[in-house]
Amino acid sequence: MGCFYSRRRIEDDIIYDMSPIRHLPVIFVNGVPGAGKQTVAQTISNITGYTMIRPGELIRAEAEKDTARGRLIADKLQAQELVPEQLTVDMIKETMLMHQDAKGFILVGFPKNHRMSYIFNRQVKWPEKVVALEVDNEVAASRLQNKLSELGRPEYEINAARQIVKEAAQKVKNVHKRFGGHVITVDSSRNPKALASALQEILSDTVEKDKKSEDSEALPLNTPAPEIVAAPPLPVPTIDTIDNEVK
């Protein structure tokens, strides 16, 4: 795989060539903390075969690196400040370009705000679908408290779960307004079986579209018709087929 960004810089920002993956479908899975984004994203991946990208994991992994970007992110996390939106999108772009053979992508817990969505939409593409998770705030807060407790986080963070969910709910709602008809609301409080069934139905058009695309690309292209030969009979020439099966 060649270099996927140019050496040219504008105000120290890397300019990425995203053309190799722009044809691939992208699904955002978004919701408040505790809404079950990971579970829903994994279910969607099982249905579609798309590659999951977890921006939160990318950020944490980058913070462990002894690089200028890693140290900047580590400082932001230490100060409990928001990582610059452009850095988050850059790491997502790098991950997408490293998986050019993917069938599509699922971005988990993305975007966090309007600016993040604007940057991604302008520099990469618009998502085919935004799966908005709908869950009662109390249920989400309870899930978040349990998760924070399992992670051994301080008591004050655990107690702040309700406020965190309340503030996040408004931000998520504002983000979803930007995408209009691309947004599909899913009740993530359903049991796993019911949730999977609902997602299967919601994504049926996407799965069908992918299947038609695979079938179309797998068909032989410009295959010559076999030559009709007069007696005495001669062996019919072999027709070579072009295999464009999508991995």
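What counts and how
Residues numbered from 1 in each chain as written. Predicted model: local features only at pLDDT ≥ 70, side-chain atom pairs only at ≥ 80, totals over all residues. Heavy atoms only, no water. UniProt positions renumbered as here; feature names shortened; annotations may be inferred. Helix = DSSP H or I, 4+ residues; strand = E, 2+ residues; numbered from the N terminus. Expected span 1.5 Å × (residues − 1). Buried < 20%, exposed > 50% of the residue type's maximum accessible area, 1.4 Å probe, protein only. Arc of directions from axis to C-beta. Contact = heavy atoms within 4.5 Å. Polar contact = N/O pair within 3.5 Å; in protein donor to acceptor, adjacent residues only side chain to side chain. Phe/Tyr/Trp six-rings, centres within 6.5 Å; stacked < 30°, edge-to-face > 60°. Salt bridge = Lys/Arg side-chain N within 4 Å of Asp/Glu carboxyl O. Core = buried A, V, L, I, M, F, W, Y, C linked by side-chain atoms within 4.5 Å.

Per an unreviewed UniProt entry, the protein chain goes by the name Adenylate kinase 1b and belongs to Danaus plexippus plexippus. Looking at the protein chain in UniProt, the text filed under Sequence similarities (unreviewed entry) is "Belongs to the adenylate kinase family."

Caption draft 1: Spotlight on helix 6 (residues 137-150). Between the first and last C-alpha of helix 6 there are 20 Å, a value that for 14 residues agrees with the 20 Å anticipated at 1.5 Å per step. Within helix 6, burial applies to Ala140, Ala141, Leu144 and Leu148. Down the axis, helix 6 shows its buried residues gathered within 100° of arc, on one side only. Turning to helix 6, the residues buried within the fold contact helix 7 (155-159) and helix 8 (161-179). Where helix 6 begins, the side chain of Asp136 points an oxygen toward the backbone nitrogen of Glu138, at a separation of 2.9 Å. Downstream of helix 6 by one or two residues, Gly152 has phi in the positive range, about 75°.

Caption draft 2: Summary view of the environment of Arg69. By secondary structure assignment, the location of Arg69 is in helix 3 (residues 68-78). Each C-alpha atom, one on Arg69 and one on Leu87, is 8.2 Å from the other, the two residues being 18 residues apart in sequence. For Arg69, the residues in contact, after removing those within four places along its chain, are Tyr16, Glu62, Leu87, Asp90, Met91 and Glu94. Within the structure, Arg69 has its side chain in polar contact with the side chain of Glu94 (distance 3.1 Å).

Caption draft 3: Main features of the packing of aromatic side chains. One pass over the full model with this rule turns up 5 aromatic pairs. When the ring of Phe28 is compared with that of Phe110, the centres are 5.2 Å apart and the planes differ by 80°; the resulting orientation is edge-to-face. Placement of the pair is Phe28 in strand 3 (residues 26-30) and Phe110 in the loop between strand 5 (105-108) and helix 5 (114-123), with a sequence separation of 82 residues. Phe28 gets classed as buried once you look at its relative accessible area, which sits at 0%. Among the residues examined, Phe110 registers a relative accessible area of 1% and is labelled buried. Ring geometry for Phe28 versus Phe120: centroids 5.5 Å apart, planes at 70°, classification edge-to-face. Of this pair, Phe28 sits in strand 3 while Phe120 sits in helix 5, and the two are 92 residues apart along the sequence. Each residue in the set Phe28, Phe110, Phe120, Trp126 and Phe179 is aromatic and connected to the rest through ring pairs, giving one cluster.

Caption draft 4: The pattern of salt bridges, seen in detail. This model, assessed by the stated rule, comprises 12 salt bridges. Residue Glu94 pairs with Arg69 through a salt bridge whose shortest N-O separation is 3.1 Å. In this pair, Glu94 sits in helix 4 (residues 85-97) while Arg69 sits in helix 3, placing the two residues 25 residues apart along the sequence. Judged by its relative accessible area of 17%, Glu94 falls in the buried class. Its relative accessible area of 22% is what places Arg69 among the partly exposed residues. Several salt bridges converge on common partners, so that one network encompasses Glu62, Lys65, Arg69 and Glu94.

Caption draft 5: Spotlight on the nonpolar core. By size, the foremost hydrophobic cluster in this structure holds 28 residues, and its most contacted members are Val29, Val32, Val40, Ile44, Val131 and Leu199. In this structure, Ile53, Met96, Ala102 and Phe179 belong to the second largest nonpolar core, which totals 22 residues.

Caption draft 6: Main features of unusual backbone geometry. In this structure, the amide linkage connecting Phe110 to the following residue, Pro111, adopts the cis form with an omega of -5°. Counting through the fold element by element, Pro111 comes out in the loop between strand 5 and helix 5. Phi at Gln80 takes a positive value of approximately 55°, unusual for a residue other than glycine. Considering the arrangement of structural elements, one finds Gln80 in the loop between helix 3 and helix 4. Residue Gln80 is classed as exposed on the basis of its relative accessible area of 63%.

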